[in-house]
Amino acid sequence: LRRVKSINILFELHIYTHFTLVIQLAQTYHLLHSAALLAVPFASRPMITGALFLGGISLFCGPLYYHAIRDDAQFRRVTPYGGMLLLAGWISIAVL
């Protein structure tokens, strides 16, 4: 019984660590791209760049937050689209 209890504690610790890492990843990308939003008015096409960054933050960080808080991965399939929007935002700053 003691062994089963310790295995259960280790499993819960692993789950907690996983969700903590997901939250940290979402917070890092959210902070980085929120700071990048401060540079949007200086871009040549600020409306396009701002829309790309806002859409990317919403579609990338939002599902990560939801997954970590609710333990439900149903919205994780849109995360790559958010990542592509974030990349497009950086490209629009560099190219446009």
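For the structure itself, consult the block above.
Residues numbered from 1 in each chain as written. Predicted model: local features only at pLDDT ≥ 70, side-chain atom pairs only at ≥ 80, totals over all residues. Heavy atoms only, no water.

### Here we look at the overall build of the protein chain
Helix and strand counts for the protein chain stand at 3 helices and 0 strands. Counted from the first residue to the last, the protein chain has its helices and strands arranged as α-α-α. Each of the 96 residues in the protein chain was classed as buried or not, and the buried ones make up 26%. Carbon together with sulfur atoms contributes 70% to the accessible area of the protein chain, which is approximately 6,900 Å² in total. (Helix = DSSP H or I, 4+ residues; strand = E, 2+ residues; numbered from the N terminus. Buried < 20%, exposed > 50% of the residue type's maximum accessible area, 1.4 Å probe, protein only. Areas by Shrake-Rupley, 256 points an atom, 1.4 Å probe, with all protein chains shown as cover.)

### A look at the nonpolar core
With 12 residues, the main nonpolar core is built from F19, V22, A26, A36, V40, F53, I57, F60, C61, L64, A68 and L86. When residues of this core are traced back to their parent elements, those giving at least two are α1 (2-36) and α2 (46-70). When residues of this core are assigned to their parent elements, the largest contribution, 6 residues, is made by α2. Those residues in contact with I57, other than ones at most four positions away along the chain, are H30, H33, S34, L37, G62 and L86. (Core = buried A, V, L, I, M, F, W, Y, C linked by side-chain atoms within 4.5 Å. Contact = heavy atoms within 4.5 Å.)

### Digging into the side chain of H67
With respect to the secondary-structure elements, H67 resides in helix α2. A relative accessible area of 9% means that H67 is categorised as buried. When neighbours within four sequence positions are excluded, H67 is seen to be in contact with H18, F19, V22, D72, A73 and R76.

### Some thoughts on the environment of S34
In this structure, S34 sits in helix α1. Assessed through its relative accessible area of 30%, S34 is described here as partly exposed. Distance in space between the C-alpha atoms of S34 and L54 is 8.6 Å, their sequence separation being 20 residues. Only 2.7 Å separates the side chain of S34 from the backbone oxygen of H30, close enough to count as a polar contact. (Polar contact = N/O pair within 3.5 Å; in protein donor to acceptor, adjacent residues only side chain to side chain.)

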